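# Observations on chain architecture
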Amino acid sequence: MGPGAGADAAPAPPEGTTMTPTTRTLSARRTDGRLKRGEASRYYRYLIPGLLGLIIVVIVPALANLGLSFTQWSGVGTPEFVGLDNYSALMGDATFWRAFGNSAATIVAMAIIPTFAGLFLAALLFDFLAPRFGGATSSLFRTVIYLPQIIPIAVAGVLWDFLLQPQTGAVNAALRAVGLDQAASNWLGDPSLALPTVMVILVWLQLGYTVVIFVAGMSRIDPALHEAASLDGASWLQRFRVITVSSLAPEIIVILLTTTVAALKVFAPIYVLTAGGPANATMVPSYFAFYNFFSTLKVGYGAAISTVLAVLLTVLAVVLLAIQHRHQEGSR
Amino acid sequence: MSWVILGGFVVLSLAMLSPIVLAVINSVKTSEEYARNGPLALPEGFDLSGLTEFWVSVDFTNKLLNSVLISVGVAALGVVLSLLTAYGLGVGRVRGRFWILALFMVAFTLPQEALVYPLYFMSKNVGLYDSQLAVIIIIGVLQAAFGTYLLSSVLSSVPDEVLEAARVDGAGRFRILTQIVTPLVRPTLMVLGAFFFVWTWNEFFIPLVLLPSGRNQTVSVALGSLFGQYTSDPVTTAAAAVVGILPALVFFILFQRTLMRGVNMGAVK
């Protein structure tokens, strides 16, 4: 979905707190038989619009895309069935491997760094700044860190495009102003710098999301735990490691997985900043699929790339569900 | 110790804010001034010609209206679809609801890339290519998949006694939905609608593919793709970033409470 963390960072889907009540309530009520069978079945008509939409917008296109991945097609005429040729071609395609290799970098930038940095910053805000300087101070910082999240991802791309212009951009101007002329670079145009630069931008975009979620989570930790631990002489870092991290373990796992999903889907920043270049240095799977669909018109090949991505994401979603399910079992 | 941490947060906040601040101060310079003083100097005056030139050259008013139309349309469609489906699942407890919910979850996990070509092809064949209606339907359904997921847990917690009392009074299923359930969950519906609006405003991929003509484009697509033409002039680029940030900032201020409540509910960003 569109919305979310880092554009397609977007739609950062669901989070633990939502799911917990869902499944628990549904399964708990499965047996209470409050509605008679016939009565329940009359509610099916309320599912019709939603399911019809789902069939037209998701199920049919997803199956069609799967079907297209076994064909060669330019978008006009009849698709030609080629079996698994697209997939075997992918296996030998350096750009494909590059794209998924770069996904590891976007996962670091959008999932791993924001999750752990966000957790640490949230704990500092909650444990030090809020008690010492007041809740208003802490929420001011939280809001400022969150700010990049509200900017449409495409607009963020324009913004960084402006800042990173090699001759006139502010980043290089700042480096020259402090005498680091050597460090001034063509950040997005140099194949060895483009990916790290994009990663910094993604961290900037994503950090506020995790900080806000974790600050919300902190308020659920029983303060007595921290008090007891500090009476026993535990330092803040020890309490952070033992109490905060373990109390928020469910949130951490869910955030890590949902931001990983967002990182695998990332498209808009790449489209706006680099178009996958230079020399595929910032190519990612979604942009590679898009490029094959609409630029080179290799529709079957694009369909195969997006199918691989879809399978990967579905596996992650199933893992997410399984973890949450297990967690609920454990907490009963 | 606390002061050191405070200092650290001040530095971090400045780093997070500086890109936006730099865009703002440079958007009110003249091109000549930018070339002379560089991007780090404060503006000498307050020159709005970069902003207005950009605004006029891309017909930004039109882009704003398009984005408002599409975002409002998606929010309305998404909330209605989510409510109806969640009513069947959460209150009606139809059989197979677990699997139906799982289906909705898969729907919002799938990458749009795996749907986009068939959607592009289908919309061309039914005459909805380059139509905002197609974008509203597609994004509305995708977001309703998430909304259904969220809302069905909320609706399944509506107390049985309330529903039973309404039934005893002779209320039908549709009346229970409109007169009992909807008012009860109105705050959740507002949160959901606000999220759908903001998410759609930021949506890039589907509008990029399905709305090729400038006349129909949204703010995000116009800024992200028409862009190449303006990169030569840094002041125009800064101005473009600023006009793109402004509406988002307005929504954030308007919806802040609602959105933060949503974060706590689990309707993550």
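Quantities reported herein were computed from a predicted structural model and do not represent experimental measurements. (Residues numbered from 1 in each chain as written. Chains lettered and ligands numbered in written order. Predicted model: local features only at pLDDT ≥ 70, side-chain atom pairs only at ≥ 80, totals over all residues. Heavy atoms only, no water.)

Looking only at helices and strands, chain B has 13 helices and zero strands in total. Starting at the N terminus and ending at the C terminus, chain B contains elements arranged as α-α-α-α-α-α-α-α-α-α-α-α-α. Taken over 269 residues, chain B has a buried fraction of 62%. Surface accessibility of chain B: about 10,300 Å² in total, with carbon and sulfur atoms responsible for 69%. (Helix = DSSP H or I, 4+ residues; strand = E, 2+ residues; numbered from the N terminus. Buried < 20%, exposed > 50% of the residue type's maximum accessible area, 1.4 Å probe, protein only. Areas by Shrake-Rupley, 256 points an atom, 1.4 Å probe, with all protein chains shown as cover.)

Check the secondary structure of chain A and you find 15 helices and two strands. Considering chain A as a whole, with its 332 residues, one finds that 57% of them fall into the buried category. Once local pairs closer than 6 in sequence are excluded, the contacts in chain A between residues at least 24 apart make up 67%. Split by element, the accessible area of chain A, about 13,200 Å² in all, is 66% carbon and sulfur. (Contact = heavy atoms within 4.5 Å.)

Let us look at the nonpolar core. The biggest cluster of nonpolar side chains holds 189 residues, and the ones touching the most others in it are Trp204 of chain A together with Phe9, Tyr87 and Leu155 of chain B. In terms of residues, this core owes the most to one element, helix 5 (residues 94-133) of chain A, which gives 16 residues. Shared between two domains, this core holds at least three residues of each, these being domain 1 (1-47) and domain 2 (60-265) of chain B. If we ignore the near neighbours within four places in the chain, the residues touching Phe9 of chain B are Leu121, Leu124, Leu125, Leu129, Phe141 and Ile145 of chain A. (Core = buried A, V, L, I, M, F, W, Y, C linked by side-chain atoms within 4.5 Å. Domains from an automatic or database assignment.)

Turning our eyes to something else, we now look at the packing of helix 5 (residues 97-109) of chain B against helix 7 (residues 132-155) of chain B. Residue and element names in this part refer to chain B. The interhelical angle for the contact between helix 5 and helix 7, taken along N-to-C directions, is 140°, at an axis separation of 8 Å. Put simply, helix 5 runs oblique to helix 7. In this structure, the crossing between helix 5 and helix 7 has a hand that is left-handed. Where helix 5 abuts helix 7, its residues Leu101, Phe104, Met105, Ala107 and Phe108 lie against Leu142, Ala145, Phe146, Thr148, Tyr149 and Ser152. (Axes fitted to C-alpha atoms, helices over the stretch in contact; angles between N-to-C directions. Parallel < 35°, antiparallel > 145°, perpendicular 65-115°, else oblique. Left-handed = near helix turned anticlockwise from the far one by under 90°.)

What follows covers helix 11 (residues 236-247) of chain A. All names here are of chain A. Listed in full, the buried residues belonging to helix 11 are Trp236, Arg239, Phe240, Ile243 and Thr244. The buried residues of helix 11 all sit within an arc of 120° when viewed along its axis, so they share a single face. Facing away from the buried side of helix 11 by more than 90 degrees, the exposed set consists of Arg241 and Val242. Turning to helix 11, the residues buried within the fold contact helix 5, helix 9 (194-218) and helix 10 (223-231). (Arc of directions from axis to C-beta.)

Turning our attention to the packing of aromatic side chains. What characterises a pair of aromatic rings is the spacing of the ring centres plus the angle enclosed by the ring planes. Within this structure, the stated rule accounts for 48 aromatic pairs over all chains. Ring centres of Trp201 of chain B and Phe251 of chain B lie 4.7 Å apart, and the angle between their planes is 75°; on these two criteria the pair is classed as edge-to-face. You can see Trp201 of chain B sitting in helix 10 (residues 186-202) and its partner Phe251 of chain B sitting in helix 13 (residues 234-265), a full 50 residues away along the chain. Given a relative accessible area of 2%, Trp201 of chain B falls into the buried group. For the cation-ring pair, Arg132 of chain A lies above Phe133 of chain A, with the distance from its terminal atom to the ring centre recorded as 5.3 Å. The residue whose ring lies beneath Lys298 of chain A is Tyr301 of chain A, and the NZ or CZ to ring-centre distance is 4.7 Å. (Phe/Tyr/Trp six-rings, centres within 6.5 Å; stacked < 30°, edge-to-face > 60°. Lys NZ or Arg CZ within 6 Å of the ring centre and 35° of its normal.)

In this section: the pattern of salt bridges. Residue and element names in this part refer to chain B. Using the criterion set out here, one finds four salt bridges over all chains in the structure. Close ionic contact of Glu44 with Arg36 constitutes a salt bridge, the shortest N to O distance being 3.1 Å. Residue classification places Glu44 among the exposed positions, given a relative accessible area of 55%. Connected through shared salt-bridge partners, Glu32, Arg36 and Glu44 make up one network. (Salt bridge = Lys/Arg side-chain N within 4 Å of Asp/Glu carboxyl O.)

In this complex, chain B contributes 104 residues to the contact, which on the side of chain A involves 109 residues. There are zero salt bridges connecting chain B and chain A. Where chain B packs against chain A, one counts seven residue pairs in polar contact (both at pLDDT 80 or more). When residues in the side of chain B that touches chain A are grouped by element, the largest group, 16 residues, is from helix 1 (residues 2-27) of chain B. The residue inventory of the side of chain B that touches chain A, partitioned by class, reads 73 nonpolar, 22 polar and nine charged. (Polar contact = N/O pair within 3.5 Å; in protein donor to acceptor, adjacent residues only side chain to side chain. Nonpolar A, V, L, I, M, F, W, Y, C, P; charged D, E, K, R; others polar.)

This paragraph deals with the UniProt feature "transmembrane region" (unreviewed entry) in chain B. Mapped onto this structure's residue numbering, the UniProt feature "transmembrane region" (unreviewed entry) falls at residues 64-86, 98-121, 133-155, 176-201 and 235-255 of chain B. Its end C-alpha atoms 29 Å apart, residues 133-155 of chain B is made of 100% helix and 0% strand. (UniProt positions renumbered as here; feature names shortened; annotations may be inferred.)

Right, let's talk about the layout of surface pockets for a bit. Space inside the largest pocket adds up to approximately 480 Å³. As for the largest pocket, its lining consists of 19 residues, and the residues nearest its centre are Trp160 and Val171 of chain A together with Ala15, Ser18 and Pro19 of chain B. Among the secondary structure elements, those contributing two or more residues to the lining of the largest pocket are helix 7 (153-163), helix 8 (170-177) and helix 9 of chain A together with helix 1 of chain B. Counting residues per element, the lining of the largest pocket draws most heavily on helix 1 of chain B, which supplies six residues. For the lining of the largest pocket, a count of residues per class yields 17 nonpolar, two polar and no charged. (1 Å grid on protein atoms, 1.4 Å probe; cavity = no way out; pocket = protein on both sides within 12 Å on 5 of 7 lines; lining within 4 Å. Points joined across faces, edges and corners; volume = space filled by probe spheres on them.)

Packing of helix 7 of chain A against helix 1 of chain B brings their axes to within 10 Å, and their N-to-C directions diverge by 75°. Between helix 7 of chain A and helix 1 of chain B, the angle is such that the two are roughly perpendicular. Contacts between helix 7 of chain A and helix 1 of chain B involve Leu159, Trp160, Phe162 and Leu163 of chain A on the former and, on the latter, Pro19, Ile20, Leu22, Ala23 and Asn26 of chain B. Among the residues making up the contact of helix 7 of chain A with helix 1 of chain B, the classes are represented as eight nonpolar, one polar and no charged.

Attention shifts here to a nonpolar patch on the surface. A grouping of Ile48, Leu52, Ile55, Ile56 and Val60 of chain A is seen on the molecular surface, where their side chains present a nonpolar patch of about 430 Å² in accessible area. Mapping Leu52 of chain A onto the fold places it in helix 3 (residues 48-68). (Patch = residues over 30% accessible without salt bridge, like charges linked within 9 Å, V, L, I, M, F, W, Y side chains within 5 Å.)

Moving on, we come to helix 6 (residues 113-125) of chain B. Residue and element names in this part refer to chain B. Over its 13 residues, helix 6 extends 19 Å from the first C-alpha to the last, a length consistent with the 18 Å expected when each residue adds 1.5 Å. Of the positions making up helix 6, those classed as buried are Glu113, Ala114, Leu115, Val116, Tyr117, Pro118, Leu119, Tyr120 and Ser123. Looking at the residues trailing helix 6, positive phi occurs at Gly127, about 75°. (Expected span 1.5 Å × (residues − 1).)

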